Amino acid sequence: MRLSDRAMLVTFAVLLPMPALFSAMGEPFLTVVLTRALIFAIAALSLDLILGFGAMVSFGHAAYLGIGAYAAGILAANGVTGLEVQLPVALAAAGAFALVTGAISLRTRGVHFIMITLAFGQMAYFLMSSLSAYGGDDGMALAGRSTLFGADPFGSSLRFFYVTLALLAGIWALLRAVTRSRFGRVLTGTRENETRMQAIGFSPFGYRLTAYAISGMIASVAGVLLANHAAFVSPSYMGWARSGEMIAMVVLGGMGTLTGPVLGAIAFILSEEALARLTTHWRLPFGAAVVLAVLFTRGGLLGALRGRR
Amino acid sequence: MTPALSVRGLTKSFDALKVSDGISFDVAWGELHAIIGPNGAGKTTLIHQLSGSLAPDAGRILLGGHDITRLSMAARARRGLARSFQITSILAGLTALENVALAVQARSGSSFRFLRQVARESALNDQAAEALAAAGLAGAEDRSAGTLSHGEKRQLEIAIALAMQPKVLLLDEPLAGTGHRESAALLDLIAGLKGRLSIVLIEHDMEAVFALADRISVLVYGRLIATGTPDAIRADAQVRAAYLGDEEGA
């Protein structure tokens, strides 16, 4: 088994008993924090499909998080709390947004691609900011927790944790299959050398766009979870700063490995939480820590593991 | 019979400079057709137009009788035009086998398949391994392409081209940058392909060209000044004056 897969299985095994450990420690709130980390792990995984496997540096990925969150928020405000409706709506909206903006963005490369995805992300941000019926700039409280065919999957922090963990495991397994499929190999090939891929008969655009849409759709699932986790929906979910954090999570953990982004997101959210408890000026040491981690662990956290063997 | 590759009146200018000036030639099925010319004659521009990375201003390119002048590089590749690059172009992060298996995959069914593990598709792997062996890289299957020696990367490019099962193979200076032993191995390899594929060879090594080619076209300042057998080219007064005259022993 590959190192990346083994590290992931170990990570799942460590995560599984965590809520019990936290309540034994008398810190059940940590389960809530860890759940938030797992939600971002799903978002970071989705970003890694295009960033790590497709070399598409999207600086607007938070838009998909927001689309998922608003799908849950707007539907709940209109009395529809069932995930059986919310999730398909979130996936369809994210997929449509990704296909339209991706079809335009993917005509560019490099810095231009970064800028144009940033622009689309900010457009989504300002659109939701101006939507006064749904809280506008201030956001809105989630009218009701999402349900699933009448059941209450987010009813307790314990249940929320395990539902999120199960979703994370499922999405990890799905992306593992996708990245090892015919499609995944073509995507990796276009990352390595686009001209070579054209010379053997592949037109990269369709593969890139498909990956871009899959990535956006998966991020919207994290958005639905995030809305429930915060019991709140706000345009700030979609801002460029959030997109930047997601890139940092992927790079910190190790691009193009699937396990890396999960580790990166957990490390990111947990150290953010820990430093915020120590000092109100936590952003300064946090920024320094991220810079050092990226500098000294080539290939991210997973790369550090690999290097030690 | 229609030729494998037919070039008619190909013209390309960069500002005032005519880099391709009405170039016409045919490559017969199974022929190895070399294109030679001094530096700056427009050889690279010609091969870019043939492969589709550069659009000509005028003229037509026919592959097996079909007009491919307006097709993208990828579409030409799918119709049977393979190329190697002057500067080695491989997928460095993938293994040698994966590099070649992708070329097989490109012509065998849809690549919009998302769940089945591609590494287990034995049809792809078997054909890829065969092409690697034909290019002299048997045993290198699992090596990362980026760690191969320069000569081996050249061989890998040929393996990728073979795996495409092309009608026409464009070889753009396949010997460039290779050492003496490496280039000898590559020459053997190209000689072994002769007759099985239609090949357009652009190469600076005159000894190699005259030994390998069925016919040679001479390009000078964007014009083809002569096309003929190696013997005819050697004897051509115009060619000697324009090009070979100043090369001793050519």
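Computed from a predicted structure; not experimentally measured. (Residues numbered from 1 in each chain as written. Chains lettered and ligands numbered in written order. Predicted model: local features only at pLDDT ≥ 70, side-chain atom pairs only at ≥ 80, totals over all residues. Heavy atoms only, no water.)

Student: When you look at the overall build of chain B in this model, what are you seeing that I'm missing?
Tutor: If you tally the helices and strands in chain B, you get 9 helices and 10 strands. Counting only C-alpha atoms and orienting by the principal axes, one finds that chain B spans roughly 60 × 40 × 35 Å. A buried classification covers 51% of the 250 residues belonging to chain B. Of the contacts formed within chain B by residues at least 6 apart in sequence, a portion of 65% connects residues at least 24 apart. Surface accessibility of chain B: about 10,700 Å² in total, with carbon and sulfur atoms responsible for 51%. (Helix = DSSP H or I, 4+ residues; strand = E, 2+ residues; numbered from the N terminus. Buried < 20%, exposed > 50% of the residue type's maximum accessible area, 1.4 Å probe, protein only. Contact = heavy atoms within 4.5 Å. Areas by Shrake-Rupley, 256 points an atom, 1.4 Å probe, with all protein chains shown as cover.)

Student: Looking at this model, I keep getting lost on the UniProt feature "transmembrane region" (unreviewed entry) in chain A. Mind explaining?
Tutor: Under the present numbering, the feature "transmembrane region" (unreviewed entry) in UniProt falls on residues 34–55, 62–81, 87–106, 113–134, 154–175, 205–227, 247–270 and 282–305 of chain A. As annotated, residues 34–55 of chain A has a helix share of 82% and a strand share of 0%, and its two end C-alpha atoms lie 29 Å apart. (UniProt positions renumbered as here; feature names shortened; annotations may be inferred.)

Student: Help me understand empty space enclosed by the protein in this model?
Tutor: Here the idea is plain: a probe the size of a water molecule rolls over the atoms and shows the empty space left. Inspection of every chain in the model, using the stated rule, returns 2 cavities of 30 Å³ or more. Computed from the structure, the largest cavity encloses a volume of approximately 50 Å³. Every residue lining the largest cavity is listed: Ala199(A), Ser51(B), Met73(B), Arg76(B), Ala77(B), Leu81(B), Ala82(B) and Arg83(B). Put simply, the parts of the chain that give the lining of the largest cavity at least two residues each are helix H2 (73–78) and strand S6 (81–84) of chain B. The class makeup of the residues in the lining of the largest cavity is 5 nonpolar, 1 polar and 2 charged. Considering the residues around the second largest cavity, the lining is formed by Gly60(A), Tyr64(A), Phe97(A), Thr101(A), Thr117(A), Phe120(A), Gly121(A) and Tyr212(A). (1 Å grid on protein atoms, 1.4 Å probe; cavity = no way out; pocket = protein on both sides within 12 Å on 5 of 7 lines; lining within 4 Å. Points joined across faces, edges and corners; volume = space filled by probe spheres on them. Nonpolar A, V, L, I, M, F, W, Y, C, P; charged D, E, K, R; others polar.)

Student: Please explain the interface of chain B and chain A as it appears in this structure.
Tutor: How big an interface is tends to be reported as the loss of accessible area on association of its parts. Listed per partner, the contact involves 36 residues of chain B and 26 residues of chain A. Buried area between chain B and chain A, both sides added, is near 2,700 Å², and the carbon and sulfur share of it is 62%. On inspection of chain B and its partner chain A, the count reaches 3 salt bridges. With a shortest N-O distance of 2.9 Å, Arg182(A) and Glu121(B) are connected by a salt bridge. (Buried area = accessible area lost by both parts, 1.4 Å probe. Salt bridge = Lys/Arg side-chain N within 4 Å of Asp/Glu carboxyl O.)

Student: Help me understand the environment of Ala141(A) in this model?
Tutor: Residue and element names in this part refer to chain A. Relative to the elements of secondary structure, Ala141 occurs in strand S1 (residues 140–141). The exposure class of Ala141 is exposed, given its relative accessible area of 52%. Note: C-alpha distance between Ala141 and Ser234 (93 residues apart in sequence) is 8.6 Å. In this structure, Ala141 is in contact with Ala231 and Phe232, ignoring residues within four places of it in sequence.

Student: What is the right way to read the domain arrangement of chain B from this model?
Tutor: Residue and element names in this part refer to chain B. With domains assigned, chain B is organised as domain 1 (1–80 + 167–250) and domain 2 (90–165). For domain 1 and domain 2, the distance between their C-alpha centres works out to 26 Å. On the domain 2 side, the residues contacting the 15 residues of domain 1 number 12 residues. Contact between domain 1 and domain 2 buries roughly 990 Å² in total, counting both sides, with carbon and sulfur atoms accounting for 72%. On inspection of domain 1 and its partner domain 2, the count reaches 0 salt bridges. The interface formed by domain 1 and domain 2 includes 5 residue pairs in polar contact (both at pLDDT 80 or more). Contributing elements (two or more residues each) for the side of domain 1 that touches domain 2: strand S7 (168–172) and helix H6 (180–193). The biggest single contributor to the side of domain 1 that touches domain 2 is H6, with 5 residues. Split by residue class, the side of domain 1 that touches domain 2 holds 10 nonpolar, 2 polar and 3 charged. (Domains from an automatic or database assignment. Polar contact = N/O pair within 3.5 Å; in protein donor to acceptor, adjacent residues only side chain to side chain.)

Student: Can you walk me through helix H7 (residues 157–179) of chain A in this structure?
Tutor: An α-helical turn contains 3.6 residues, so any two residues separated by three or four positions project in the same direction. Residue and element names in this part refer to chain A. When the terminal C-alpha atoms of H7 are compared, their 32 Å separation across 23 residues agrees well with the 33 Å that a helix rising 1.5 Å per residue should span. Considered for burial, the residues of H7 that qualify are Phe160, Phe161, Thr164, Leu165, Leu168, Ile171, Trp172, Leu175, Val178 and Thr179. Where the residues of H7 are buried, they touch helix H1 (3–15), helix H2 (18–24), helix H3 (29–51), helix H8 (182–192), helix H10 (204–230) and helix H12 (259–278). (Expected span 1.5 Å × (residues − 1).)

Student: Even after reading the chapter, I still don't get the sheet that holds strand S4 (residues 58–63) of chain B, so can you show me in this structure?
Tutor: Either a parallel or an antiparallel arrangement is found when strands of a sheet pair, and the pairing is made through backbone hydrogen bonds. Residues and elements named next belong to chain B. A sheet is described by the order of its strands in space; here 4 strands give the open sequence S2-S1-S4-S5, paired in antiparallel fashion. What marks the edges here is a single partner per strand, and that holds for strand S2 (17–27) and strand S5 (66–67). Alignment of S4 against S5, held across 2 bridges, turns out to be antiparallel. Its bridge partner being in S5, Leu62 is matched across the sheet by Asp67. Contacts from helix H1 (residues 43–51) reach strand S1 (5–14), S2 and S4 within the one sheet, and its direction differs from that of S1 by about 120 degrees. (Pairing = 2+ DSSP bridges. Axes fitted to C-alpha atoms, helices over the stretch in contact; angles between N-to-C directions.)

Student: When you look at the sheet that holds strand S9 (residues 215–220) of chain B in this model, what are you seeing that I'm missing?
Tutor: All names here are of chain B. Taking strand neighbours across the sheet as the criterion, the 6 strands line up as S6-S7-S8-S3-S9-S10 in an open arrangement whose pairing is mixed. The open sheet terminates on both sides in strands that have one partner only, identified here as S6 and strand S10 (223–228). Neighbour to neighbour, the strand axes of the sheet diverge by 15 degrees on average, direction disregarded.

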